[in-house]
Amino acid sequence: MSEYKYSTLAVHAGQHPDPLTGAVNVPVYLSSTFELNGIGADKGWDYSRAGNPTRDRLELALAALEGGKTAHVFGSGMAAISALFGSLKAGDHLICSHNVYGGTARLLDLVIKNYGIEVEYVDLANLDALAAAIKPSTKLVHVESPTNPLMQLTDIAAVCALVHKSGVEVSVDNTFLSPALQSPIALGADIVMHSTTKFLNGHSDGLGGVLVATTEEQAARFHLMQKASGGILSPFECFLVLRGIKTLPLRMKQHEENGRAVAEYLSTHPKVQKIFYPGLKSHPQHELAVRQQKGFGSMMALELGSREAVGRFLAAVKLFLNAESLGGVESLASHSATTTHAALSDERRLEIGITQGLVRLSVGIEDKEDLIADLKQALAQV
Ligand SMILES: Cc1ncc(COP(=O)(O)O)c(C=O)c1O
């Protein structure tokens, strides 16, 4: 399959016709268990926690889209990250980008630290700080690029080149761009993670997560986490992601076009005090975005100055729904401080730049002129 271009892979990788019936869509195997041929002799599957034919197809598709060896899907993005961090051992040192999705920080601070895994947050834009943080027990550097919600980028190739010298692995949360717009493995990353809930599924109708492995050792480790801890994705939700993936390239083109248009419009609006979107030339990391990404996507954050201003904005938008999450066909707007980053203390939020006046936009695939008109009328009421 790897000889095919991206849009072809999206339709065909893992999605070949069912050998039994010729069905062009991957069947949903709603079976917890599978009949054996004899003692210890299965027909490829024995129990759906360990493996399921529908899940196998999604895992083939995701490995192909990310250019990895294997993929391992979980019941949510957080279940995938839990499996990644949970596959470390007590005494291991884990470095995490200082600015990540609030759920990732919550998992690290309230769960993973209790396992005796040492967690350290580092500003990965500062390679000297990263080099100084590496120690013999460091096993993993976890990157989120762009970050949720401030769209800060990490130079993935530079981080990989630096930490690989010490035998440390790099995992990249690629949720905000999807494999259509960023290929971390091609930049040197060892593991890619996604919340498939977002762009990969694309229709806001199911949660899911994935870890893409590049080595046999990682594949065995992540498969063990699926089987041993059991946080796997159900066959029906695997089918939904498989269906979403077929239109990922097309959807991402529209997300990209709309994201750029909305960001351009907002960048000159007097009520928008600051806009965070790496596609704008004024963004401090625009050059890095051009170098390492295949597009800028449709996620952005705006500073409106106060919680009250965000409240008025969210009450006034009509097409943009006031809802958490992102990456679906519909446009969403949300107040990061009380949604995605509610788990962080006020001090920690301010330290990383998430103010009460910040609103995050996930620009959908509607008509861009309608979206801009909606934002215009809502900002007039701020
Ligand atoms: C960047 C990022 N990573 C991981 C997650 C967690 O994914 P899920 O909600 O599917 O558990 C999210 C959720 O918003 C996210 O934005």
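Our subject in this report is the structure included herewith. Values in this document were obtained by computation on a predicted structure and should not be read as measured data.

1. Focus: the sheet that holds strand β9 (residues 299–303)
Alright, step 1. Ordered in space as β8-β9-β12-β11-β10, the five strands form an open sheet in which the pairing is mixed. Each edge of the sheet is formed by a strand with only one pairing partner; in this case those strands are β8 (274–276) and β10 (321–322).
Alright, step 2. As paired strands, β10 and strand β11 (residues 332–335) are joined by two bridges and run parallel to one another. In the sheet register, asparagine 322 faces β11, and the bridge partner there is alanine 333.
Alright, step 3. Along the sheet face, helix α12 (residues 307–316) touches β10, β11 and β12 (358–362) and points at about 155 degrees away from the line of β11.

2. What about the sheet that holds strand β7 (residues 209–213)?
Alright, step 1. Reading across from one edge, β1-β7-β6-β5-β4-β2-β3 is the order of the seven strands in this open sheet, with mixed pairing throughout. Every other strand in the sheet has two partners, leaving β1 (70–74) and β3 (118–122) as the edge strands with one partner each. Mean inter-strand twist for the sheet, computed between neighbouring axes without regard to direction, equals 20 degrees.
Alright, step 2. Pairing of β1 with β7 involves five bridges; the strand directions are antiparallel. By the bridge assignment, phenylalanine 74 is partnered in β7 with glycine 209.
Alright, step 3. On the sheet, helix α3 (residues 77–86) packs against β1, β2 (93–97), β4 (138–144), β5 (169–173), β6 (191–195) and β7 and is oriented at approximately 40 degrees with respect to β7.

3. Points about the pattern of salt bridges
Alright, step 1. Scanning all chains against the criterion turns up 13 salt bridges.
Alright, step 2. A salt bridge links glutamate 35 to lysine 43; the shortest N-O distance between them is 3.5 Å.
Alright, step 3. Owing to a relative accessible area of 63%, glutamate 35 belongs among the exposed residues under this scheme.
Alright, step 4. Through salt bridges with shared partners, a single network forms among Asp109, Lys113 and Arg348.

4. Quick word on helix α9 (residues 235–246)
Alright, step 1. With 12 residues, α9 extends 17 Å between its outermost C-alpha atoms, agreeing within 8% with the 16 Å of an ideal straight helix rising 1.5 Å per residue.
Alright, step 2. For α9, the complete set of buried residues consists of Pro235, Cys238, Phe239, Leu240, Val241, Leu242, Gly244 and Ile245.
Alright, step 3. Buried-residue contacts for α9 involve α1 (6–12), α2 (53–66), β1 and α10 (248–267).

5. Side note on the packing of aromatic side chains
Alright, step 1. Overall, the coordinates contain three aromatic pairs when judged by the stated rule.
Alright, step 2. Summarising the aromatic geometry, the rings of phenylalanine 34 and tryptophan 45 are spaced 6.5 Å apart at their centres and angled 40 degrees between planes, so their arrangement reads as tilted. In this pair, phenylalanine 34 is assigned in the loop between α1 and α2 and tryptophan 45 in the loop between α1 and α2, connecting sequence segments 11 residues apart.
Alright, step 3. Residue classification places phenylalanine 34 among the buried residues on the basis of a relative accessible area of 17%.
Alright, step 4. Between lysine 294 and the ring centre of tyrosine 6, over which it is positioned, the NZ or CZ distance is 5.8 Å.
Alright, step 5. Sitting above the plane of the tyrosine 121 ring, arginine 348 keeps its charged end 4.2 Å from the centroid.

6. Side note on the layout of surface pockets
Alright, step 1. Its volume calculated, the largest pocket comes out at about 340 Å³.
Alright, step 2. Together, 22 residues line the largest pocket, and Gly77, Met78, Tyr101, Ser195 and Lys198 are the ones closest to its centre.
Alright, step 3. Those elements that provide at least two residues to the lining of the largest pocket are α3 and β6.
Alright, step 4. A per-element tally of the lining of the largest pocket places α3 first, with three residues.
Alright, step 5. Volume-wise, the second largest pocket comes out at about 280 Å³.
Alright, step 6. In terms of residue count, the dominant contributor to the lining of the second largest pocket is β8 (three residues).

7. Some details on the pairing of β7
Alright, step 1. Among the five residues that make up β7, five are buried, leaving the element largely enclosed by the rest of the structure.
Alright, step 2. Along β7, one buried face is formed by Gly209, Leu211 and Ala213 and the opposite face, lined by Val210 and Val212, is buried too.
Alright, step 3. Examined bridge by bridge, β6 and β7 share five bridges and lie antiparallel to one another. Counterpart to serine 195 in the pairing with β7 is glycine 209.

8. Focus on the nonpolar core
Alright, step 1. Counting residues in hydrophobic clusters, the biggest one holds 63 residues, and the most contacted among them are Leu58, Leu62, Phe85, Leu94, Leu211 and Ile245.
Alright, step 2. Grouped together as the second largest cluster of nonpolar side chains are 31 residues, Leu302, Val310, Ile372 and Val382 included.

9. Observations concerning the site of the ligand
Alright, step 1. In the neighbourhood of the ligand, 14 residues make up the surrounding shell, with Gly77, Met78, Asp173, Ser195 and Thr197 lying closest.
Alright, step 2. Methionine 78 is positioned such that a nitrogen or oxygen atom in its backbone is 2.8 Å from an oxygen atom of the ligand.
Alright, step 3. In the environment of the ligand, an oxygen atom lies 3.1 Å from a nitrogen or oxygen atom belonging to the side chain of lysine 198.
Alright, step 4. Counted by class, the shell around the ligand contains four nonpolar, seven polar and three charged residues.

Procedures and definitions
- Residues numbered from 1 in each chain as written.
- Predicted model: local features only at pLDDT ≥ 70, side-chain atom pairs only at ≥ 80, totals over all residues.
- Heavy atoms only, no water.
- Pairing = 2+ DSSP bridges.
- Helix = DSSP H or I, 4+ residues; strand = E, 2+ residues; numbered from the N terminus.
- Contact = heavy atoms within 4.5 Å.
- Axes fitted to C-alpha atoms, helices over the stretch in contact; angles between N-to-C directions.
- Salt bridge = Lys/Arg side-chain N within 4 Å of Asp/Glu carboxyl O.
- Buried < 20%, exposed > 50% of the residue type's maximum accessible area, 1.4 Å probe, protein only.
- Expected span 1.5 Å × (residues − 1).
- Phe/Tyr/Trp six-rings, centres within 6.5 Å; stacked < 30°, edge-to-face > 60°.
- Lys NZ or Arg CZ within 6 Å of the ring centre and 35° of its normal.
- 1 Å grid on protein atoms, 1.4 Å probe; cavity = no way out; pocket = protein on both sides within 12 Å on 5 of 7 lines; lining within 4 Å.
- Points joined across faces, edges and corners; volume = space filled by probe spheres on them.
- Core = buried A, V, L, I, M, F, W, Y, C linked by side-chain atoms within 4.5 Å.
- Near = heavy atom within 4 Å.
- Polar contact = N/O pair within 3.5 Å; in protein donor to acceptor, adjacent residues only side chain to side chain.
- Nonpolar A, V, L, I, M, F, W, Y, C, P; charged D, E, K, R; others polar.

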